[in-house]
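Reading the structure
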Amino acid sequence: MKPRGYAQYSFVKSLRVGRYSEIQLLKHNDTRQFYAAKFFKIANDQELRQSLNERDHQYLKDAFKREVQLLKCTTHDYIIKLYETIHDGNSEGYVMEYCHRGSIHDIRAYGQYTDIDFLELMAQLVEAVSYLHNRGITHRDITPLNLLVALDGTLRLCDFNFALPKGVRRNPESTWYTPGFSAPELHKSKSAVDHRADIYSVAAVWYFLLLELEFDYKKDLEGQLEPFDDVNRRILRAALRADPAERPTDLSEFREGIQELKRTQFNPIHFLDAHAGL
């Protein structure tokens, strides 16, 4: 699926293909700069469109429009920047900044971050999510694949497809979630969901990056936290509660924990070596 009607860009390659969207790498023909573009597959994929019932099709269309609107009104150093929208009879999507170093998931898989990077990236994630929450926005899909790293090493939170602004209710029949990172309430239709779902996901990302394992809310919490020191355990214990009413209401504990870990010179590389194979 290549963009049509936009002669200023040349298609380079596909970066990620999902069921409902595709991320492409584009090059601007005049500046030769690279950009990423997200295209809404349902806009021109008749087979996919016919596989959805009318309710789900409308929900996904609305979600894509809402994603564009949210990105247009968010301005933050650690949130992906939207440059322009693409819309004609054949393609619908938007152009955003390209993050050369890929996702945290990929960086973690190839062991390309240092001890200071982990705490810095988590601190940047906390700031990005706090910015959203202060504006009444719940992201609802914070995962390592949706956390990109720019060329300068700073983080960009992306993929607002399932984000909800204040006042917009979740589809009561929807159970869109990412196993291993979404809060338990997102796994259930008709469950109330608020910003505490993001707090859970930030902790799940933290857990994954340190242990290379996905946290399982169905298993014993204390048993899964056993490998950690007191500071990490305190942060994760509070945020990974299955019941959102028992979680913190903001990310201040993460901020305090990050500063404490910096003071104690916490080294995640040494931590990983010590707990390999768990």
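Here we summarise the structure given alongside this text. (Residues numbered from 1 in each chain as written. Predicted model: local features only at pLDDT ≥ 70, side-chain atom pairs only at ≥ 80, totals over all residues. Heavy atoms only, no water.)

**Concerning the packing of helix H5 (residues 196-211) against helix H8 (residues 252-263)**
This is how it is decided: Axis geometry follows a simple rule: fit a line to the C-alpha atoms, using only the stretch in contact for helices, then measure angles between N-to-C directions, giving values from 0 to 180 degrees. Strands here are runs of E lasting at least two residues and helices are runs of H or I lasting at least four, both read from the DSSP assignment and numbered beginning at the N terminus. Each angle receives one of four descriptions, namely roughly parallel if under 35 degrees, roughly antiparallel if over 145, roughly perpendicular if within 65 to 115, and oblique otherwise. For this analysis, residues touch if any pair of their heavy atoms sits within 4.5 Å. Polarity classes work like this: nonpolar for Ala, Val, Leu, Ile, Met, Phe, Trp, Tyr, Cys and Pro, charged for Asp, Glu, Lys and Arg, and polar for all others, with Gly in that last group.
Remark: H5 packs on H8, axes separated minimally by 13 Å, with the N-to-C direction vectors making an angle of 25°. Overall, the two elements H5 and H8 adopt an arrangement that is roughly parallel. Here H5 contributes Ile-199, Val-202, Ala-203 and Trp-206 to the contact with H8, which in turn contributes Phe-254, Ile-258 and Leu-261. Here the contact of H5 with H8 is composed, by residue class, of seven nonpolar, no polar and no charged.

**A closer look at the packing of aromatic side chains**
Note the cut-off: Pairing of aromatic rings covers Phe, Tyr and Trp, the last through its six-membered ring, and needs centres within 6.5 Å; plane angles under 30 degrees mean stacked, over 60 mean edge-to-face, and all others mean tilted. When a residue's accessible area, from a 1.4 Å probe over protein chains only, is under 20% of the maximum for its type it is buried; when over 50% it is exposed; and in between it is partly exposed.
Inspection of the entire model under this criterion finds eleven aromatic pairs. With centroids separated by 5.5 Å and ring planes inclined at 85°, the aromatic side chains of Phe-118 and Trp-206 adopt a geometry described as edge-to-face. Note that Phe-118 is positioned in helix H4 (residues 115-134) and Trp-206 in helix H5, a separation of 88 residues in sequence. Trp-206 gets classed as buried once you look at its relative accessible area, which sits at 0%.

**Structural notes on unusual backbone geometry**
Of note in the backbone geometry, Arg-32 takes a positive phi value of approximately 65° without being a glycine. Tracing the backbone through its elements, the reader meets Arg-32 in the loop between strand S2 (21-28) and strand S3 (34-40). One non-glycine residue, Glu-212, lies in the positive phi region at around 60°. Tracing the sequence through the fold places Glu-212 in the loop between H5 and helix H6 (221-225). Here Glu-212 falls in the partly exposed class, since its relative accessible area comes to 48%.

**Side note on the pattern of salt bridges**
Inclusion rule: Here a salt bridge means any side-chain nitrogen of Lys or Arg lying within 4 Å of a carboxyl oxygen belonging to Asp or Glu.
Tallied over the full model, the rule gives eleven salt bridges. In this structure, Glu-67 and Lys-38 form a salt bridge, with 3.0 Å as the shortest nitrogen-oxygen distance. Of this pair, Glu-67 sits in helix H2 (residues 54-72) while Lys-38 sits in strand S3; the two residues are 29 residues apart in sequence, bridging distant segments of the chain. Like Lys-38, Glu-67 is buried. A salt bridge links Asp-194 to Arg-196; the shortest N-O distance between them is 2.7 Å. For Asp-194, a relative accessible area of 25% puts it in the partly exposed group. Connected via shared salt-bridge partners are Lys-38, Glu-67 and Asp-159.

**A closer look at the pairing of strand S1 (residues 9-17)**
Short version of the rule: One bridge is not enough; two strands pair if DSSP finds at least two bridges between them.
Here S1 runs beside S2; their pairing, made up of seven bridges, is antiparallel. The partner of Ser-10 across the bridge, within S2, is Lys-27. Linking S1 to S2, which pair antiparallel, is a turn of three residues.

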